[in-house]
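A structural walkthrough
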Amino acid sequence: MAVQINPDTFGKRVKLLYDGWKENRADIWDNANALAVVVGGTSDDLRYLKSISLHLWLFGYELPDTIMVFTDAALHILTSSKKAALLEPLKDVLQSSAGAELQITVRSKEQQQQQMGALLDSIRAVEGARVGTLPKEQHSGQLAELWAQQLADSGLTACDATAGFADLFSVKDEGEVLSAKKAAFLASKVMQSFVVEKIEDIIDKNKKVKHTKLSEMTEEVILDPPKIGIKLKAENVDIAYPPLFQSGGAYDLKLNAACDDNALHDGVILVSLGTRYQSYCANVSRTYIINPNKSQEAQYGALLAAHEAACAALKEGQPARASMEAAVKTLSERAPELVERLNKNVGFGMGLEFREGANVLNAKNEKTLRAGQVFTVSLGVSGLTNADATDARAKTYALQIADTLVVKPGGAAPENLCGVATKLWDKVSYILNDDQEDDTPDALEEVTNGNVMQGGKKLRSDDPNFKSLEQIRREKQEDLLKQKNEETLRRLTAQAAGAAESRPKVRLISEVKAYKEITNLPALRDLQIAVDSKAEAVFVPIYGVLVPLHITSVRNVMHTTEAESNGAIVRISLNFGTTYEPAQKFPALVFLKELSFRTSDAKHAARLVQEIKVLRSTVLQRDKERAERATLVQQEKLVRGKRVFRLPDLWVRPTLGGKGRKMPGTLEAHQNGFRYQNPKGEGVDVMYSNIRYAFFQPAENDMITILHFHLINPIMIGNKKCKDVQFYCEVVDLVQTLDGGRRNMYDPDEIEEEQREREKRNKINADFNQFVRRVQEHWEREIPNQQLEFDIPFRELGFEGVPHRETVLVLPTVNCLVELSQMPFTVVALGDIEIVNLERVGFNLKNFDMAIVFKDFSREVLRIDAIPTKKLDTIKEWLTSVKIKYYESKMNLAWKPILKHILEDPKAFIEEGGWAFLDLEKSDGEDEDEEASSEGFDPGSDAEDEEESSEDISDEMRVAVWCVCSGWVAEDEEESSEDISDEDESVVDSDEVAEEGSDEEEESEGLTWEELEEEAKKEDKRRADEESDDDRPRKKGKPSAGAGAAAGKRRR
C-alpha cells in the first residue's frame, strides 16, 4: 500500500500549530519567532521524542533525516527526494490553512552544508531572530549532527520551545481520541482475555513460568490482535513498553522497570501493559492476589476507592492537582497508613508520547484540565508487609491500579477507556480451596500446616483447624447478618419520606364523558336498554327517561333466563363506590349501585349483555394500553451500523401483535441496539442502553437456543408492556411418528435422524455463539462503560422448581437467577434480593420451597416451590458464594403481614434483631440450653416468660414466628385464631410440615435407633386406627386460621 499523507488532517493541525504559536508566543514558546526541528536516523528502540511526535501529528508518519524550519511566512523542509515527492501535494493546503508557503529542498550530500546555510538565512531574515528548538533531544545520524553544529556556530539566539509543543499535543481531536480508545481496548482486552487466563492456568496447574517468558508471550499477543479475536490491523499496533510482570516480593513501580527471570509466584502479582494504536499510547495495570487476608482486602479496597476518586476528579476546568488531592483524601479516610507509601503522582497525560511531562497529576500542577486530554491514572503503594505469610517471598508486596481516561467536555465525568479489564475485588482475588485433594507436593505445601502422611495426604481429624463446609457457610452467613440489617435500615429509612407521597388515585368525574352536549344525544324511540358503541355509552331507562352512562361506570352486567317463560332479567352493577369522586365529596349521599330490568325476549337480553361486555372490554383494554404507554420511558432511535451482524430464522417471545400466521424473523445488531423484523414488516427494537442483563442459553438438553434480554425500562410489544424480550430458535423439529410402533435402537433411519439432530443443534449453537461473540466485542469496543456482557447459565448449579405454574429448571448465572425456557419468564437480579428463606425444610420431606424477599418490600415475594431436597446443600453453597443471607424454616410464612410490620417501624425491627427472628437454629439452641439447665418443670413460670417475650412483638409478627416454631395449633387456640386476617391464614400450606412439627419435641431428645424404631411402629399403628375411624360419623370442625387448613389437630 502506497504511503499517503491526509491533506485534511495536515491542514487542520498545521493551522492549530501556527495559531497557538502566534497567540501564546510569549507565554509558552519563550518568545521564539522561528522554530527549528530536526529528526535524525531511524532506530529500533522505543523513542518518545517531541520531534518525532510532531511528524506523526502532522503527517501520520515519521520522516527520518529531515529538518523543518517554521517562520511566520514559510515552512522550510530539507529532506530526501522520496519524502519531498510525498510532501509536494501539501503546498496548497498549507497556503490555504495557515497562509504560509511550503518550500521543500531535496537534500544533496555534496551541497548539504550550503542547504543548511540557506535554512539558517531564512531564520536570520526574521526581525529579532530567536529560534525555538528542542535542546534535550539527542538524535543520531550525520544530518542531525551536522545541523546541530551549524546551528551552534550560526550565532542565532536559541530558546527552548518544549513547553509550546507539549501544549500543542495535550488536547486530542476526535481522531486522536479514537486511536487512544482502540489502544486502551487492546490493552484491557489482552489483560482480561489472555493475561488473566494465563495466570489462572499457571497457578491452577502449579507451573513454573518466568516473568520474562510471560512478557514475551503477552507481547506476541499484543502485536497480533486477531489471536484473541480483536479485529485491529497488526501494522497499526505496537507496544508502548514491554509487558511487565512482577511477583514474589520484588516490586518496582517506576516507569522504567523491567521483568526479572524469577518464576511467577502465587502471592501478589502485578501486571502492567502499555499499547499503541497508530502511535497513540494507552496504559493499564492490575493487581491479582492469591489467598489474600483481611488486611490485604481492606488495603486493596482503599486503593480502589482512591483510584475512583482520582479518576472522578478529571473534569474540564479543574486543576490537575485535584486528582492527587482526591486520592490522598480518600486514602486518608480508608487507610491512613498507605498515604506515605503512595507514589509522588497519581498519573500523567499521554498521547503520541507515553508520558507528557507537562501534564503530571501531582500536588503542584496548577494547570487547568481541558476536554480531549488523555490521562493514565496510576495509583501504587509499595513496601507493604504480610505478617501472616509463611513464605519469605510473600512477606513483602505492593499494590497498583492504572487506567486510561479521556476528559469529557462540559464538566462531565471522564470516560474510562479500560473498562473491559475489571478491577473489582472478587474478580482479582483468588482463594485456593484448602479442602481439595491434590497429589502434587507443591500444592500440599501451600495449603497444609500440620504433619502430612506418607503419600502426601493429611487426615482431617488430625487438623485442629479443620472446618466442615457447613461450618464455613454458617460463619459467612453470620457475617452477612449484621451487614444486611444495617443495609435494610438505611434503605427503608431513606424510602420512608417518599412513601407518604404515593396515594391511590380516585376516579375523576371530569375524566368520564360520553356526550359533551345534550344535542349530541341520539334519538331513541323505545324506552329500553340501548348501546351506543361510538360514544361508548349505555342508555338505561330510569323513571321513564333514558339516562346515558359511560361504559367505564359499568362494573358488571349479567342476565338470567326465567324458566317459566321466555323472559330474562338483566342486572347492571355500577362503579359508583367509595372511590368515585362525587362519593368522596358528598359521603352522606346514597349512590346507585345496581339496576335490574326484566324483558320478555331472552335472546334480546343475551345479545344486549354481549354488546355491553364487548364494549366494556374494548374500552378497558384501550385505556390500559394507553396508561401503560404513558408510563413508558422514551427510547433513543436506532442508529444503523456500518457493519451489521445478523441472526436469521428466529422467533420472538412475547409474540408480536400482528394478525395471521406467525413467521420467524431476523435479529440485527446495529450501532446502538438490536432490531428484530419478520417478512411481514412486524418488529421490535431493543436499545443497548436499555438492557440490564443479557443471557445466552445454548441448547444442550433443551429444544431451543435462546438469546434473552432483561430490560431496565419496559417496552411495548404488541399491546403488552414487557420487561423481558427473548429471541430463540428451535433446534429439534417437532415430528410425529405415523406408524405408531416402537422403533429399534439400531434402526439405521433412527440413527441417521439422531445424527441430523445433533448436527443441527451444533450448527445453531455455533451460529448463536458467533453472533454473541461479535456483539460482545462491539459492546467492549464502543460502550465499555455500560459493562454489558452475555451471561451463560450454570447448568451444574441448576435445580428444578415451580416459580409459576409448572416445574421448570431454574439456573443461576453470574448476576441473576433465571428460568428462560417457559413463559412467564423468571429473571431475578441478585442485587435486588434482600434475603432468601428456605421453607418446609425437614428431614423426611422430599422437597422444599424457596421464598425470595426483594429489597423493594412493595414487590411481591417470589416463591419457587417443590425444589428437590437433594439440591439443598448446592443452593446453600451458591447463596453463600454470592453473599446472600438465607434462613431455613419448617413452615411457609405469610410474608405480606411480615413486610407490612417491617415497613411500619424499620428502627424497631432492627432493634429487635432484624432478620434474626428467622434464625430458628439459634432459637432452638437457646431453648435446648434452657431445658438442659432446668431441673423441674414450672408451668406458671413458663407462662410468665412467654407473656413477657411476646410483648415486644406485634400480633402479625408473633403469629408468623410462633407458627414457624410450633408447627401446629393447639386446641384452645382454635377459636381465638378466627380473628386473624385472611393474609395470616396462609401461614401454613403443607400437611407434611404439620405432621413433622408435632414430633419435633421428641426428636430433639436424642432417642436411640431402637427407640426410634419403636416410636415409628406406634405411629403407624396410631395412623391405622385413625384411618379406620374415617367411616364413623363425626362432627365437622373448622381448621385453625392461624395455621391454615393444612395444620389439623392431633391427640395421643
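Quick note: structure is the one above.
Overview of the structure. Because the structure is a prediction, the values reported are computed rather than measured.

**Let's talk about the environment of tryptophan 29**
- Within the secondary structure, tryptophan 29 sits in the loop between helix 1 (7–23) and strand 1 (34–39).
- Classification of tryptophan 29 as buried rests on a relative accessible area of 2%.
- Residues tryptophan 29 and alanine 161, spaced 132 residues apart in sequence, show a C-alpha to C-alpha distance of 5.1 Å.
- Excluding its chain neighbours within four sequence positions, the residues that come into contact with tryptophan 29 are Gly20, Trp21, Asn24, Leu35, Cys159, Asp160, Ala161, Gly164 and Phe165.

**A closer look at the packing of helix 1 against helix 4 (residues 91–98)**
- Here helix 1 crosses helix 4 at 40°, and the two axes come no closer than 9 Å. Between helix 1 and helix 4, the interaxial angle falls into the category oblique. Between helix 1 and helix 4 the crossing geometry is right-handed. Within the contact between the two elements, helix 1 uses Pro7, Phe10, Gly11, Val14, Lys15 and Tyr18 and helix 4 uses Val93, Leu94, Ser97 and Ala98.
- Split by residue class, the contact of helix 1 with helix 4 holds seven nonpolar, two polar and one charged.

**Quick notes on unusual backbone geometry**
- Cis peptide bonds are those with omega within 30 degrees of zero, and the linkage from arginine 653 to proline 654 qualifies with 0°.
- Here proline 654 is to be found in the loop between strand 22 (645–653) and strand 23 (665–669).
- Going from methionine 823 to proline 824, the amide bond is cis rather than trans, its omega being 0°.
- The residue proline 824 is located in the loop between strand 32 (816–819) and strand 33 (826–829) in this model.
- Although it is not a glycine, arginine 840 adopts a positive phi angle of roughly 55°.
- Mapped onto the elements of the fold, arginine 840 is located in the loop between strand 34 (833–839) and strand 35 (847–854).
- Even without being glycine, lysine 883 reaches a positive phi, approximately 60°.
- Note that lysine 883 resides in the loop between helix 18 (872–881) and strand 37 (886–888).
- Accessibility expressed as a relative area gives 58% for lysine 883, which makes it exposed.

**Things to note about the sheet that holds strand 17 (residues 537–542)**
- Pairing is antiparallel in the open sheet, where three strands are placed in the order 16-17-18. Strand pairing shows two members of the sheet lacking a second neighbour, strand 16 (530–532) and strand 18 (545–550), which therefore form its edges. The mean inter-strand angle of the sheet, taken between neighbouring strand axes irrespective of direction, is 30°.
- Pairing geometry for strand 16 and strand 17, over three bridges, is antiparallel. Paired with aspartate 532 across the bridge in strand 17 is alanine 537.

**Let's talk about the packing of helix 5 (residues 112–124) against helix 6 (residues 142–153)**
- Across the interface, helix 5 lies against helix 6 with an axial gap of 11 Å and an inter-helix angle of 50°. Judged by the angle between their axes, helix 5 and helix 6 are oblique. By crossing handedness, the relation of helix 5 to helix 6 is classed as right-handed. Within the contact between the two elements, helix 5 uses Gln112, Gln113, Met116, Gly117, Leu119 and Leu120 and helix 6 uses Gln142, Leu143, Leu146, Trp147, Gln150 and Leu151.

**Some details on the side chain of histidine 55**
- Structurally, histidine 55 can be placed in helix 2 (residues 50–59).
- Setting aside residues no more than four positions away along its own chain, histidine 55 makes contact with Val39, Gly60, Tyr61, Glu62, Leu63, Thr66 and Met68.

**Thoughts on the pattern of salt bridges**
- Counted under the stated rule, the structure contains 37 salt bridges.
- A salt bridge links glutamate 700 to arginine 795, with the nearest nitrogen and oxygen atoms 3.3 Å apart. Taken together, the residues span a long stretch of sequence, with glutamate 700 in the loop between strand 26 (691–697) and strand 27 (704–717) and arginine 795 in the loop between strand 29 (790–791) and strand 30 (799–801) at a distance of 95 residues.
- Assessed through its relative accessible area of 46%, glutamate 700 is described here as partly exposed.
- Given the relative accessible area of 22%, arginine 795 is considered partly exposed.
- Here the salt bridges do not stand alone but share partners, grouping Glu839, Arg840, Asp849, Arg863 and Asp865 into one network.

**With respect to helix 17 (residues 748–782)**
- The end-to-end C-alpha separation of helix 17 is 51 Å, in line with the 51 Å expected for 35 residues at 1.5 Å each.
- Turning to helix 17, its buried residues are Arg761, Ile764, Asn765, Phe768, Phe771, Val772, Val775, Gln776, Glu777, His778, Trp779 and Glu780.

**Thoughts on the sheet that holds strand 30**
- A sheet is described by the order of its strands in space; here four strands give the open sequence 30-31-32-33, paired in antiparallel fashion. For this open sheet the edge positions go to strand 30 and strand 33, each flanked by a neighbour on one side alone. Within the sheet, the average angular offset between the axes of one strand and its neighbour, ignoring direction, is 25°.
- Sheet topology note: the strand 30/strand 31 (residues 808–812) ladder contains three bridges and is antiparallel. Opposite phenylalanine 799, over in strand 31, you have valine 810 as the bridge partner.

**Some words on the nonpolar core**
- Val190, Val195, Val271 and Leu379 are the most contacted members of the largest nonpolar core, which has 83 residues in total.
- Those residues in contact with leucine 379 that lie beyond four places of it in its chain are Leu303, Ala306, His307, Ala310, Ala327, Leu342, Val346, Leu399, Gln400 and Ile401.
- Ranked by size, the runner-up nonpolar core spans 40 residues in total, among them Trp29, Val39, Cys159 and Phe165.

**Regarding the pairing of strand 35**
- With seven of eight residues buried, strand 35 is to be regarded as a mostly interior element.
- By the bridge criterion, six bridges tie strand 34 to strand 35 in an arrangement that is antiparallel. Among the inter-strand pairings, asparagine 837 is bridged to a residue of strand 35, identified as alanine 851.
- For strand 35 and strand 36 (residues 862–868), the ladder comprises five bridges, and the chain directions are antiparallel.

**So, the pairing of strand 19 (residues 554–561)**
- When strand 19 meets strand 20 (residues 568–574), the two strands line up antiparallel, connected through seven bridges. Note on strand 20: the bridge partner recorded for threonine 560 is isoleucine 569.
- Between strand 19 and strand 20, which pair antiparallel and follow one another directly, the connecting turn spans six residues.

**A closer look at helix 10 (residues 294–312)**
- Over its 19 residues, helix 10 extends 27 Å from the first C-alpha to the last, a length consistent with the 27 Å expected when each residue adds 1.5 Å.
- Taken together, the buried positions of helix 10 are Gln296, Gln299, Tyr300, Ala302, Leu303, Leu304, Ala305, Ala306, His307, Ala309, Ala310 and Cys311.
- Contacts made by the buried residues of helix 10 are with strand 8 (268–277), strand 9 (280–290), helix 11 (321–334), strand 12 (374–385), strand 13 (396–406) and helix 12 (425–428).
- You can read the cap of helix 10 off the contacts: a side-chain oxygen lies 3.2 Å from the backbone nitrogen of serine 295, and it is on asparagine 293.

**Details of the packing of aromatic side chains**
- As enumerated under the stated definition, the model contains 26 aromatic pairs in all.
- Residues tyrosine 693 and phenylalanine 695 carry aromatic rings whose centres are separated by 6.5 Å and whose planes lie at 40° to one another, so their mutual orientation is tilted.
- Exposure remark for tyrosine 693: the relative accessible area of 15% places this residue in the buried category.
- A relative accessible area of 0% places phenylalanine 695 in the buried class.
- Ring centres of phenylalanine 909 and phenylalanine 917 lie 6.4 Å apart, and the angle between their planes is 75°; this geometry places the pair in the edge-to-face category.
- By relative accessible area, phenylalanine 909 is classed as buried at 3%.
- By the ring-pair criterion, three or more aromatic residues cluster together here, those being Phe674, Tyr676, Tyr688, Phe709, Phe727, Phe771, Trp779 and Phe790.
- When the ring centre of phenylalanine 348 is taken as origin, the NZ or CZ atom of arginine 355, which lies over that ring, is 5.7 Å away.

Cut-offs and rules
- Residues numbered from 1 in each chain as written.
- Predicted model: local features only at pLDDT ≥ 70, side-chain atom pairs only at ≥ 80, totals over all residues.
- Heavy atoms only, no water.
- Helix = DSSP H or I, 4+ residues; strand = E, 2+ residues; numbered from the N terminus.
- Buried < 20%, exposed > 50% of the residue type's maximum accessible area, 1.4 Å probe, protein only.
- Contact = heavy atoms within 4.5 Å.
- Axes fitted to C-alpha atoms, helices over the stretch in contact; angles between N-to-C directions.
- Parallel < 35°, antiparallel > 145°, perpendicular 65-115°, else oblique.
- Left-handed = near helix turned anticlockwise from the far one by under 90°.
- Nonpolar A, V, L, I, M, F, W, Y, C, P; charged D, E, K, R; others polar.
- Pairing = 2+ DSSP bridges.
- Salt bridge = Lys/Arg side-chain N within 4 Å of Asp/Glu carboxyl O.
- Expected span 1.5 Å × (residues − 1).
- Core = buried A, V, L, I, M, F, W, Y, C linked by side-chain atoms within 4.5 Å.
- Polar contact = N/O pair within 3.5 Å; in protein donor to acceptor, adjacent residues only side chain to side chain.
- Phe/Tyr/Trp six-rings, centres within 6.5 Å; stacked < 30°, edge-to-face > 60°.
- Lys NZ or Arg CZ within 6 Å of the ring centre and 35° of its normal.

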